[in-house]
Structure formats: structure tokens, C-alpha cells
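Residue-level listing of the chains:
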Amino acid sequence: SLGDGLVPLVNKLQDIFSQAGVDAVGGDLELPQIAVVGSQSSGKSSVLEALVGRDFLPRGPEICTRRPLVLQLVHTPHAAAAQAGGAPAEWGEFLHRPGEIFTEFEAIREEIECETNRGIGNNKGVSDKQIRLKICSPHVLTMTLVDLPGVTRVPVGDQPADIEQQIREMILSYIRRDSCLILAVSPANSDLANSDALTLSRLVDPDGRRTIGVITKLDIMDRGTDACAYLRGEVVPLRLGYIGVVNRCQQDIAQRRSIREARASEQDFFRHNSAYSEVASKCGTEALGWAVSRILADHIADLLPALQDKIVSRRNEAARELAALGNGRPEDPGGQAAVVLEKLHGYAALFTRSVAGRSEDLSTTALEGGARIHFVLQDIFVKGLESLDPTQAMTEEDIRTAIQNAAGTKAVLLLPEEPFEVLVRQAIKKMTEPCQKCARIVHDELGRIARQLISNPGIQRYPRLAQSIEDATRDFLAEGLLPAEAMIASLMDCQLAHINTSHPDFVGGSTALKLAQHEFNTRRGVAGTLPGTAAGGDGDDINEENTNEATMDASGRHILGESNPNNSNRSPLRVGPGGVATTNQKTPLARLGSLGAEQGTGESKLYSHENGVVSLRDPPSRIQASEPQTDEEVLQVLVTRILLGSYFGIARGVLADTVPKAVMHFLVNSVSRGLQQHLIQSLYHPSLVPSLLQEHPEAEAARLAATAKLHALTLAAAAIGAMPGDLAAAGAGNGGRR
């Protein structure tokens, strides 16, 4: 028959998916089934036992069904049992104890109770974890039922306060699926409109398209009443109709009256009760069995095509998911070594491509990889170095101090070379930190690339391998930073070792002197207009009479202070107290620098006059450089500043060119070329390979789950594919029993 082929197919699918884990398969593969729903006192357990023909369910005054029981009934003809060579005609098997046959149904009852307690303890709580039981018998029709806990309203004993809500939510989780038929059990001696089973079924099946009504306890209705209106669907209509049954009473159960005797008594009840003659086809346990089997088979036939498509689609998805997770760790050492070598080579290749800008997934939103390194070298380092000008932060007082310190106990007669070299070396040393910082920033950028690449899923599958690669790469980058920093330090030492004033780009002495003289004249013109200058063109006289000429001695050094031959006085007039122009050694520029000191008490603190005698005092702990007293001293400062700026620009340009080259050669290119070899030397050891390929527990669990899912779906697809042949064989063997 159709049921003999389709229902076992669904049973087989249920076993396959249960063994793989329902969560692993997914909720959209809803297999057809029948959920038995009823209140705690509706006779639900008696209906199931009547369909099986055996006592096997736990009983008691309190809640007995605390976990869903998936009951698979498989019809085994008597001929098959006889051919099995003494095999039991009736037996049961639990999915959690595969291969173990239960021939005593009392043992089945005890195992249900024990498995329930193992899952949720001895209290009266409930759980949605299923117990799966298969019963094979020649006295049953092939069908699958899910016995759910009966609806209770008042918690008893140590039951949780929300026991009613828990049971209702569990029942709704089953019956809300369109693939689930509902066997709603209601007692005949209560108002059908208030039935708990029908109330729950109408929440999810308001039209009654997939609800089968079962009316129990017809034999204990008040005299003069019957349930014919219920069975005809006049009170609560259902598309699939109602079936009335008479179960054993509590006294029959206590006296251990057999199910076979109860069925005979049921037949007598309907035969002698004329009220039910009009609905005889809807009365009795046998009618219920045939109706449930037929309806379930038709329901399965309707859902099977869509179910087959879903299984095939999910199998393809599972195959892709497993392929993305990759194969597990090979068992043989050679295969493990090959996997490690492949991962090391792949990581090093990704690193090189990322630095070279040949990454396969280049970003269009931000710079990455080698582009960031180029940005560091050019936009940060070179431009930052070009913005550095130490002469801006160096005052003329600083230069005068350096000149006077370099002269020691002697007066400065010529253009001082020693102060120039001291100052230029100090200026060059200020570029040491940014040059070294450039190498460190590039090192950090390479580490950034390494960290981004280590997050590749193919490497993260093996946490120890990923961590080892990251550590080895970090060590290799640190090793590459050392020669880069050493080279940069050598470049700085070269710049400090020799001040090459013969460099073709150096401004030179004559040019520097001309520039200084021009600035000197410019400043002198400004000074001649200051308040206090004698009227009547004294300022013009000063400008004309104090133009010092610069000459060169035999050694090529500039000699400052050669006065005009027509002027025997080296210094022009200066503005004395009260604005009177007097002859002095100081130039107008020198006067500007020293006017404040003369008007103050600086020099008076160094000596004093008492009774016509000069009294000298000890010098202060900190002595500032004296103000320029002559034009020559002013020009010395100006020339030194010009020479300093010129030579610093040359040194800056050399470092801006050579430091990036050193960083690229000793750090970036060296790491890119040698990373693969370093990783192999560090990690490719026979003793390390097995530990490196230990997967992350989550990845291993995901692969195992994906493998189980694919296996289950493959078996399910094969079972459905073989179904037409099995169905034909079943029909030929049964000879159209139905």
C-alpha cells in the first residue's frame, strides 16, 4: 500500500536526521509526522497503546510523558516473522540504544522512564529532547506518532510554576509546522468547544485542514447522551473528521486487562449502542488506525516532492560548506608536512604581493600594503625632513655664543670656521631621530601587513600554525630592522664626519658674504630711521660712510672689517643719551642690540667705582654672549647663518634620498625576499609539523558537523531516490492489503 512505502521512508529519514542532529540539518527540512495532543486526563496514552496493542507507556496519577516520544510503528507481516527463523514477532528498539532489541514491553516502559530521568532528572519538569522508539509488529499499521506531554494547568510537587506555559510552547513548536498533522484527543464527557487539544490546534490550523479529532471516553457519558454530534463535526468542524474510541478504564488497567480484550469490549459497545450506527465508520480503534495511516500517507505524498527538492538543495549547500572548511589534518607525516609547506609558501607569497601592490583584492577605499609604505617614505619622512630648518629656531644670540665659545681666550679676527662646523653638526644631529623613526614606522607597516594576512581563514583553521607564522614573521621583521637602523646611523655618521664645504651646491664664501652684506645694509637702513637719530641727514651720512668692504686673504677666507680707505674711523656715529650723535666704535646695528644693556645695569654689576678706584666683582654663574660691538661681528653672525642654512640643505637632501633607499634595501626588500626561507627554516621541522596542524576546536567541530550533515543529506537523497522501487516491491508483496 501507499502507507507501507511512504511512512517507512519518512521513518528512515527521521532516523538519519536524528543521528546527524536536527540542528545540523536545519529547520526547513520539516518531515511529515503526527503529533498527539491532549490534556493530561484525556486518554491520550490509552489511544496510543490501543493503536500498538500493547501496554508500554508510563502511567501514574501525575504527569508521565515529560519528553516527546517519537513512536515509529512498522507493520511486519506474520509471514516475514515466520521466515526470520524464530525471530520475535513483536519487538521494540530505541535510537539511543541501537541494535538492542526489546521483546518485553514492560522493559520498554522502564527504559522510557529511565531515559526520561537521565535527560531531565526525577522531578516532574519537562524537556523538548526527544526519545525515539520503533515498534515492529504484525498488529500495527505503519505510521509515525509523536506523543507530547499532556496539558496541565496547576503545577504539582516540584514542577516549575510555569509548567503549563512550557508544555503549551513545546506543543506549539511541533504543531505550528505545516508538515505536522495534529491528532487532537478530547474526552467525550467534557465540552468539546473548550477542549485543550482543539484550542491549541485552532491557533495554528484555524481551518482544520490538518487536524484529526479523536473523541475518547464515549462509554462514560451521561445516560441519554451520545457523541454523534461531535463525530459528525457539528460542534467543531474539522476537514479530516473525528474518530470515536472506547479505551480501558483505570480499573481495567489495574486488573491488567489486555488490549485485545479491550478492543473486543469496544466493538461490543458500538455494536449494542444503536446511536452510533450512523457513524459506525468513524468509531473504534481499528478505524482510527486505518484513518491515521491513510491520512499520514496522503500527507507524505503531498509533501514529498518539495521535501526532495529541499534535501537536494541542502545537500549541495552542505557540500560547498564542507569544501570551504577544507580537509582535516592528514594522518600521514608526509601529508602533514606538505600542508605546512603549502601554508608557509602561500603566506610568504601573499606578503610579497601585498608589498609589491599585486594583491588580488586591492582596496578602492584606502591605501594598503606597499602603498602605505610609499606614503610613509615620501609624504611623511621626506616632506617632514624638508620642513625642518634648524636656523629658524637658532637666534643670532645662539650664533654669537657659538662664535665666542669657539674663539676661547682669543678674539675672533676672521670668519670663524669652527663655530660653523659646530653649529652645522648640531643641526644635522637633529635629523637623526626622524631618520630612525622612518625605519621604525616602515617596520610597523610591515607588521600591519603581516597581521592582516595572518587572519586568512585558511591559516586561522590551525591556530598554532597561525601564531607560529605571526611570531616568526615578527622576529624576521625585527632582524631586518637592525641593519636598516645601523645603515641609517652610518649615513648620519658620514654626514657628521666631514663637513664638505667644497660641495658644488654649497653657497660658498663670496656669495655668502654678498648675501650677508645685503642683509646688513638692509638692516642698517632700517636702523637709520629710528627715533633719536640726529636730524639734518645724519642717517644718510651713516649709510654712506659705513659701507665696509669684504676682501679675501691668500687662504680664500673672508676678512671682515676692512674699512673704507676714505674713512679712518671703523665705526659710524651712534646715538648717545638724549639723542646726540657721538663718535663710537659701535655701528647702528650693534647699537640696536646693546642699547638696552647700556641703559640697564648689566655692566654696572660687574664692577663699581668707590673713591676713584674700580672695584671688580666675580662673574655670574651664567654669562650670556656679549652684544656685537662692530659691523664685523654683525657680519660674522649673518654669514654664519647663511652658510649654516646652505650646508644643512645639502645634508638634508642627501639623507632624504639615501634613508628611504636604506629602508627599502635592508628592510622592505630584504624581508620580502627572505621571508619564505625564514619561515621554512623556523617552522618546517618534523617534530613541529603535527602540533602546528592542530585545528581550532570550533573549526574541527564545524567540519565534523558539516560532514555529518552532508552524510545525512546524502543518505536521505538516496532513500528518496530509491523510494519508487521500494514502493513497487511493497505493493507486490502485500498484494494490495488495503
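Scope of this entry: the structure provided in the associated data block. Nothing here was measured: the structure is a model prediction, and the numbers come from that model. (Residues numbered from 1 in each chain as written. Predicted model: local features only at pLDDT ≥ 70, side-chain atom pairs only at ≥ 80, totals over all residues. Heavy atoms only, no water.)

## Observations regarding the side chain of Glu90
Within the element layout of this structure, Glu90 appears in the loop between α4 (78–83) and β3 (91–94). Among the polar contacts listed, one links the side chain of Glu90 to the side chain of Arg54, at a separation of 2.7 Å. Side chain to side chain, Glu90 and Ser137 meet in a polar contact 2.8 Å long. Glu90 has contacts with Arg54, Thr103, Phe105, Cys136, Ser137, Pro138 and His139, leaving out every residue within four places of it along the chain. (Helix = DSSP H or I, 4+ residues; strand = E, 2+ residues; numbered from the N terminus. Polar contact = N/O pair within 3.5 Å; in protein donor to acceptor, adjacent residues only side chain to side chain. Contact = heavy atoms within 4.5 Å.)

## Overview of the sheet that holds strand β7 (residues 211–216)
Read across the sheet, 8 strands follow the order β3-β4-β2-β5-β1-β6-β7-β8 without closing on themselves; strand pairing throughout is mixed. Edge strands, defined here as strands with exactly one partner in the open sheet, are β3 and β8 (242–244). Ignoring which end each strand starts from, the neighbouring axes of this sheet average 25° apart. Two strands pair when backbone bridges link them, and strand β6 (residues 180–187) and β7 are joined in this way by 6 bridges, in the parallel orientation. From the neighbouring strand, Ser186 faces β7, where its bridge partner is Ile215. (Pairing = 2+ DSSP bridges. Axes fitted to C-alpha atoms, helices over the stretch in contact; angles between N-to-C directions.)

## Focus on the state of the cysteines
Throughout the structure, instances matching the rule amount to 0 disulfides. This cysteine, Cys283, is not joined by any disulfide, and Cys228 carries the nearest cysteine sulfur, 7.1 Å off. When its relative accessible area of 9% is taken as the criterion, Cys283 is described as buried. Free of any disulfide, Cys435 has its nearest cysteine sulfur in Cys438, 7.5 Å distant. (Disulfide = S-S within 2.5 Å. Buried < 20%, exposed > 50% of the residue type's maximum accessible area, 1.4 Å probe, protein only.)

## Concerning helix α22 (residues 631–683)
In this model, α22 (53 residues) spans 73 Å end to end at C-alpha, consistent with the 78 Å of a helix rising 1.5 Å per residue. Where α22 bends most, at Gly674, the angle is about 50°. (Expected span 1.5 Å × (residues − 1). Bend = angle between axes of the 7 residues up to and from the residue.)

## Concerning empty space enclosed by the protein
Space left empty within the atom packing is revealed by a probe, the size of a water molecule, rolled over the atoms. Under the counting rule described, the total for this entry stands at 6 cavities of 30 Å³ or more. What the largest cavity holds in volume is close to 70 Å³. In this structure, the largest cavity is lined by Ser46, Ala50, Val246, Asn247, Arg248, Ile259, Ala262, Arg263 and Thr285. If you list the elements that add at least two residues to the lining of the largest cavity, you get α3 (44–52) and α10 (259–272). (1 Å grid on protein atoms, 1.4 Å probe; cavity = no way out; pocket = protein on both sides within 12 Å on 5 of 7 lines; lining within 4 Å. Points joined across faces, edges and corners; volume = space filled by probe spheres on them.)

## Some thoughts on the pattern of salt bridges
Opposite charge on two side chains makes pairing possible when the charged atoms of those side chains draw close. This structure, assessed with the given rule, holds 24 salt bridges. Among the ionic pairs, Arg168 bridges to Asp196, the shortest N-O distance being 3.9 Å. Taken together, the residues Arg168 in helix α6 (residues 163–175) and Asp196 in helix α7 (residues 196–204) connect sequence positions 28 residues apart. Here Arg168 matches Asp196 in class, with each residue buried. With a closest N to O distance of 3.6 Å, Arg314 and Glu317 form a salt bridge. Taken as a pair, Arg314 and Glu317 lie in helix α11 (residues 285–325) at a separation of 3 residues, close to a single helical turn. On the accessibility criterion, Glu317 (37% relative accessible area) is partly exposed. (Salt bridge = Lys/Arg side-chain N within 4 Å of Asp/Glu carboxyl O.)

## Topic: the environment of Met170
Within the secondary structure, Met170 is located in helix α6. The class of Met170 is buried, set by a relative accessible area of 7%. Taking the C-alpha atoms as reference points, Met170 and Ser127, separated by 43 residues in sequence, lie 8.4 Å from one another.

## Quick word on the nonpolar core
The biggest cluster of nonpolar side chains holds 78 residues, and the ones touching the most others in it are Tyr347, Phe351, Val442, Leu446, Ile469 and Val663. Top contributing element to this core by residue count: α22, with 23 residues. Each residue touching Leu446, except ones within four places of it in the same chain, is listed here: Phe351, Val355, Ile373, Leu477, Leu667 and Val668. Grouped together as the second largest cluster of nonpolar side chains are 55 residues, Leu9, Ile135, Leu141 and Met143 included. (Core = buried A, V, L, I, M, F, W, Y, C linked by side-chain atoms within 4.5 Å.)

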